[in-house]
Amino acid sequence: MARRTAERPAATLLLGYWLPVALYVGMIFLLSAQPNLRPPFSFSNSDKLMHVLEYGGLGLVIARAVLATATGLPAVPLGLLALCLGLMVGTGDELFQSTVPGRQSSAFDLMADTVGLGLAQFVYRALLRS
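Trainee: Mind showing me how you'd approach the layout of surface pockets here?
Mentor: Where empty space is left can be seen by rolling a probe of water-molecule size over the atoms. Considering only enclosed or pocket space, the largest pocket measures out at about 440 Å³ in volume. Lining the largest pocket are 18 residues, with Leu37, Pro39, Asp47, His51 and Arg103 sitting closest to its centre. At the level of secondary structure, the elements contributing two or more residues to the lining of the largest pocket comprise helix H1 (10-32), helix H2 (46-69) and helix H3 (75-97). Partitioned by chemical class, the residues of the lining of the largest pocket number five nonpolar, six polar and seven charged. A volume near 280 Å³ is recorded for the second largest pocket. What lines the second largest pocket is a set of 15 residues, and nearest its centre among them are Ala75, Gly79, Gln121, Phe122 and Arg125. Those elements giving two or more residues to the lining of the second largest pocket turn out to be H2, H3 and helix H4 (107-129). A per-class count over the lining of the second largest pocket returns ten nonpolar, three polar and two charged.

Cut-offs applied
Residues numbered from 1 in each chain as written. Predicted model: local features only at pLDDT ≥ 70, side-chain atom pairs only at ≥ 80, totals over all residues. Heavy atoms only, no water. 1 Å grid on protein atoms, 1.4 Å probe; cavity = no way out; pocket = protein on both sides within 12 Å on 5 of 7 lines; lining within 4 Å. Points joined across faces, edges and corners; volume = space filled by probe spheres on them. Helix = DSSP H or I, 4+ residues; strand = E, 2+ residues; numbered from the N terminus. Nonpolar A, V, L, I, M, F, W, Y, C, P; charged D, E, K, R; others polar.

Structure follows, in structure tokens:
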């Protein structure tokens, strides 16, 4: 993959790449603020599947924003940066959920978030190659 040499204007980066991240994070916290929220389907660990899917989406939009912002960095550091940013959101989300009546915070939920974020990095890189 050829590296981009031209830098994007700050307004393009903020509106085109980081605003979708902020909106997605807002959606996550909006869902987390709902008391007694349950997955739309019911089977063992269905909530963990929802965490993987939710944070997989977050991982994709973060990977896109990080790649657009930090041009010239190798793939692995970019993926790790996106993963760390997503983990900060996930940790904050779990702490926030612990304050919402009818919701609980769980290290297993954060682990499912991490799986979703990590898988998203591989998927994003695979999509870039194709």
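From this point, things continue past the structure.
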